[in-house]
Amino acid sequence: MSYHRNAPTGIKVLIVGAGFAGLTAAIECHRKGHDVVVLESFPQLKILGDIISFGPNSGRIFQKWEGVEEQMDPLCHNTDRLNFVTWDGDYLLAQRWDEEASYGKKFNGHRGEIHEIVFNHAKARGIDIRLGQRVIDYFEDDKVAGVLARNVATGAEERFTADVVFPADGVRSEGRRIVLGYEDKPISSGYAIFRSWFDSTKLNSPLTDHLWKNGDTHWAWIGPDVHFLAASLKGGKDFSWVCTHKDDADIEESWSTPGKIEDCLKVVEGWDPVVQEIIKATPTDYLVDWKLIYRDPLPTWISPKQRIALIGDAAHPFLPTSIQGASQSMEDGVTLAVCLEKCGSAANVREALQAYEKIRYERVLKAQKTGETTRDKWHKADIDYVKKHPEVVKLQREPWLLNFDSEEHAYNVYDDVVAKLRQGNMTGEESQAML
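Position labels on residues start from 1 in each chain and follow its written sequence. Local features are withheld for residues below a pLDDT of 70 in this predicted model, meaning they are given only at 70 or higher, and side-chain atom pairs are given and counted only at 80 or more; totals for whole chains, interfaces and linings count all residues. In computing side-chain values, all of the structure's heavy atoms are included and hydrogens and water are not.

## Notes on the domain arrangement of the protein chain
Test applied: In this document the domain limits rely on a domain assignment from an automatic tool or a database. Once two parts are put together, the accessible area they lose, assessed with a 1.4 Å probe and summed over both, is termed the buried area. Note on definitions: salt bridges are taken to be side-chain nitrogens of Lys or Arg within 4 Å of carboxyl oxygens of Asp or Glu. Counted as a polar contact is a pair of N or O atoms within 3.5 Å, where, for protein atoms, one must be capable of donating a hydrogen and the other of accepting one, and residues adjacent in sequence contribute only when both atoms are in side chains. Comment: elements are numbered from the N terminus, with helices defined as DSSP H or I runs of at least four residues and strands as E runs of at least two.
You can read the domains of the protein chain as domain 1 (12-77 + 106-184 + 295-382 + 398-427) and domain 2 (188-294). Summarising the inter-unit geometry, the C-alpha centres of domain 1 and domain 2 are found 29 Å apart. Counting the surface lost from both domain 1 and domain 2, the interface buries some 2,200 Å², and carbon and sulfur atoms represent 61% of this. When the area that domain 1 buries against domain 2 is broken down by residue, the three leading residues are His77, Trp378 and His379, summing to 31%. Viewed at the interface, domain 2 and domain 1 are joined by 2 salt bridges. A salt bridge links Arg195 to Asp50, with the shortest nitrogen-to-oxygen separation between them at 2.6 Å. At the junction of domain 1 with domain 2, the criterion picks out 6 residue pairs in polar contact (both at pLDDT 80 or more). Those elements that place two or more of their residues in the side of domain 1 that touches domain 2 are strand E6 (107-110) and helix H9 (349-379). For the side of domain 1 that touches domain 2, the leading source of residues is H9, giving 4 residues.

In structure tokens form, the structure reads like this:
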């Protein structure tokens, strides 16, 4: 297969982390003609995780990568609605997705399976991805930026340099320290998630047959400070569920650990028997207890010398109820690649990183808030009121968020953003107006 790539720009990009943020940045930078090296601490690719959702705003990014959409389609969730139910089993309504069909295509599936497709696409393009390289420090000066990495197999240390460095290694990124000038520790959001993914045939109760035996379905139960989401995928073959609930555990001790069936059942004690049967059918080895981490919005994503730019969760972790964390990470990578292309040469990359931050910052903050809004709408709902007015539980699926092409947007606004940066007078209101 042949892959589109612009003429070489001579701009050298170093990316730390091969998750969706890092791989998107790598693929898009490669498409734009930049030289790319990716460092990843894991020594080998593993098919990990459970369900992940990509909205139409990131779905159109996948569709621009040769062969990726065709590989993902058979693996992804395919249903036309989300069914809402109260915690005690009263059916509320179906939110139908045809209402937003004009926004574009969604891709919802197993995190590890989708990640493998994207990873292999990056490798097929010839992108230099080096596994087993744990970054232990960042550095920069007026001319270059780089990292010190340790080979996890041999212990040998090596310095890597580039014109720009993008830390894309998640919420605990070491890159935050060089941007902020100090180490900030994540704190508990006050919530946690039990989550699982397994073969649907484990659901052997007649109460759960309707969830998978006739193909893909998607269900949401809403209760006091708890919500439970369940979905079948691949024509009903696989099953995934997540249960978000209050939790004040110390994340330093336990961020993501094996979960206990009895603990999850306590969270939904007295709930709809369908929910309880799902949990009881879950294989113990497939249950994860994941504490949701919170961070205050950073004042900047750019390092003092303006050669290091945080992307994805390293810059802006999202609550799962936003359904936008991975999508916004991908938008970061696309925007950075365009900004580097538009800046023209390695001599102008610092201006490109400033433009990236201005283009992205207000949009990301606004998208982050949707996670809190949805969580609170579900968790703090007056159930008696909801039963009379079920429309209030619907997910907000707004055009400004979903009907968006980050590549086109970056091309359209870059010149104006840079002009204002050079004048030194771009305000937050002007950044907001670009949305």
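## Structural notes on the sheet that holds strand E1 (residues 12-16)
For clarity, the threshold we go by: Pairing between strands is defined by DSSP: at least two bridges between the two strands are required. Helix axes are fitted to C-alpha atoms over the stretch in contact, other axes to C-alpha atoms as well, and angles between N-to-C directions run from 0 to 180 degrees.
Across the sheet, 4 strands lie side by side as E7-E2-E1-E11; this open sheet has parallel pairing. This sheet does not close on itself; its edge strands, each paired only once, are strand E7 (128-130) and strand E11 (164-167). Across the sheet, the axes of successive neighbouring strands diverge by a mean angle of 20°, strand direction being ignored. One ladder, built from 4 bridges, connects E1 with E11; its direction is parallel. Bridged to Val16 within E11 is Pro167.

## Some details on helix H12 (residues 406-423)
Every α-helix carries 3.6 residues per turn, so stepping three or four residues along brings you back to the same face. What counts here: Each helix should span, by expectation, one fewer than its residue count multiplied by 1.5 Å. Bend, at a single residue, is the angle you get between axes fitted to the 7 residues ending at that residue and the 7 residues starting at it. For each residue, the accessible area found with a 1.4 Å probe, counting protein chains only, is set against the maximum for its type, and the residue is called buried under 20%, exposed over 50%, and partly exposed in between.
Between its first and last C-alpha, H12 extends 25 Å over 18 residues, near the 26 Å set by a 1.5 Å rise per residue. The sharpest bend along H12 comes to roughly 45°, located at Val413. The set of residues buried in H12 consists of Ser406, Glu407, His409, Ala410, Val413, Tyr414, Val417, Val418 and Lys420. Sitting at the head of H12, Asp405 places a side-chain oxygen 3.1 Å from the backbone nitrogen of Glu407. At the exit of H12 stands Gly424, carrying a positive phi of roughly 75°.

## Considering the nonpolar core
To be explicit about the condition: What makes a nonpolar core is a set of buried Ala, Val, Leu, Ile, Met, Phe, Trp, Tyr and Cys residues whose side-chain atoms join them at distances within 4.5 Å. Residue contacts are counted whenever heavy atoms from the two residues lie within 4.5 Å of one another.
Of all hydrophobic cores here, the largest spans 69 residues; its most connected members are Ile15, Phe54, Phe62, Phe166 and Leu340. Ranked by residues supplied to this core, first place goes to H9 with 10 residues. Sequence-distant contacts of Phe54, defined by excluding residues within four places in its chain, comprise Phe20, Phe62, Lys106, Phe107, Asn108, Ile114, Ala326, Ser327 and Met330. Listed in part, the 24 residues of the second largest apolar core include Phe194, Phe228, Phe239 and Trp271.

## Considerations on the packing of helix H8 (residues 325-343) against H9
Put simply, the test is: Should an angle lie under 35 degrees it is considered roughly parallel, over 145 roughly antiparallel, and from 65 to 115 roughly perpendicular; all remaining angles are considered oblique. Crossing handedness follows the turn of the near helix against the far one: under a right angle anticlockwise gives a left-handed crossing, and clockwise gives a right-handed one.
Relative to each other, H8 and H9 sit at 155°, their axes nearing to 9 Å. In terms of orientation, H8 and H9 fall into the roughly antiparallel class. Relative to H9, H8 is oriented so that their crossing is right-handed. Packed against H8, whose contacting residues are Gln328, Glu331, Asp332, Thr335, Leu336, Cys339, Leu340 and Cys343, the element H9 presents Val349, Ala352, Leu353, Ala355, Tyr356, Ile359, Arg360, Arg363, Val364 and Ala367 at the interface.

## As for empty space enclosed by the protein
Applied cut-off: Space inside and on the surface of the protein is sampled on a 1 Å grid over the protein atoms alone, with a cavity defined as a set of points where a 1.4 Å probe fits but cannot get out and a pocket as an open set with protein on both sides within 12 Å along at least 5 of 7 lines; lining residues have an atom within 4 Å of a point. Grid points are joined across faces, edges and corners, and a volume is the space filled by probe spheres set on the points. For this scheme, ten residues count as nonpolar: Ala, Val, Leu, Ile, Met, Phe, Trp, Tyr, Cys and Pro. Four count as charged, namely Asp, Glu, Lys and Arg, and the remainder, Gly too, count as polar.
Taken as a whole and judged by the stated rule, the model has 5 cavities of 30 Å³ or more. There is about 110 Å³ of room inside the largest cavity. Taken together, Thr321, Ser322, Ile323, Gln324, Thr370, Thr374, Leu395, Gln396, Arg397, Glu398, Leu401 and Leu402 make up the lining of the largest cavity. Those elements giving two or more residues to the lining of the largest cavity turn out to be H9 and helix H11 (399-402). Of the residues contributing to the lining of the largest cavity, the split by class is 4 nonpolar, 6 polar and 2 charged.

## Remarks on the sheet that holds strand E8 (residues 133-140)
Backbone hydrogen bonds are what pair the strands of a sheet, in a parallel or an antiparallel way. Taken in spatial order, the 3 strands line up as E8-E9-E10 in an open sheet, and their pairing is antiparallel. At either margin of the open sheet sits one strand with a lone partner, and together these are E8 and strand E10 (157-162). With strand direction ignored, the average angle separating the axes of adjacent strands in the sheet is 25°. In the sheet, E8 pairs with strand E9 (residues 145-151) via 7 bridges, with the strands oriented antiparallel. Among the inter-strand pairings, Glu140 is bridged to a residue of E9, identified as Ala145.

## Re the packing of aromatic side chains
In plain terms, the rule: Paired rings are identified among Phe, Tyr and Trp, the last through its six-membered ring, by centres lying within 6.5 Å, and are further divided according to the angle between planes into stacked (under 30 degrees), edge-to-face (over 60) and tilted (the rest). By definition here, charges over rings are those cases where NZ of Lys or CZ of Arg is within 6 Å of the ring centre and within 35 degrees of the ring normal.
Tallied over the full model, the rule gives 13 aromatic pairs. Seen from their ring centres, Phe20 and Phe54 are 5.0 Å apart, and the 70° between their planes marks the pair as edge-to-face. Placement of Phe20 in helix H1 (residues 20-31) and of Phe54 in strand E3 (residues 51-54) is noted, with a sequence separation of 34 residues between them. The pair formed by Phe20 and Phe54 is uniform in burial state, with each residue classed as buried. Arranged with centres 6.5 Å apart and planes meeting at 55°, the rings of Trp87 and Trp271 form a pair that is tilted. A residue pair is termed long-range when its members are at least 10 positions apart, and Trp87 in the loop between strand E4 (81-86) and strand E5 (91-96) and Trp271 in the loop between helix H6 (261-267) and helix H7 (273-281) qualify at 184 residues. A relative accessible area of 26% places Trp87 in the partly exposed class. Ring pairs connect the aromatic residues Phe20, Phe54, Phe62, Trp65 and Phe107, which therefore count as one cluster. Across from the ring centre of Phe139, 4.1 Å away, lies the NZ or CZ of Arg159, which sits over that ring.

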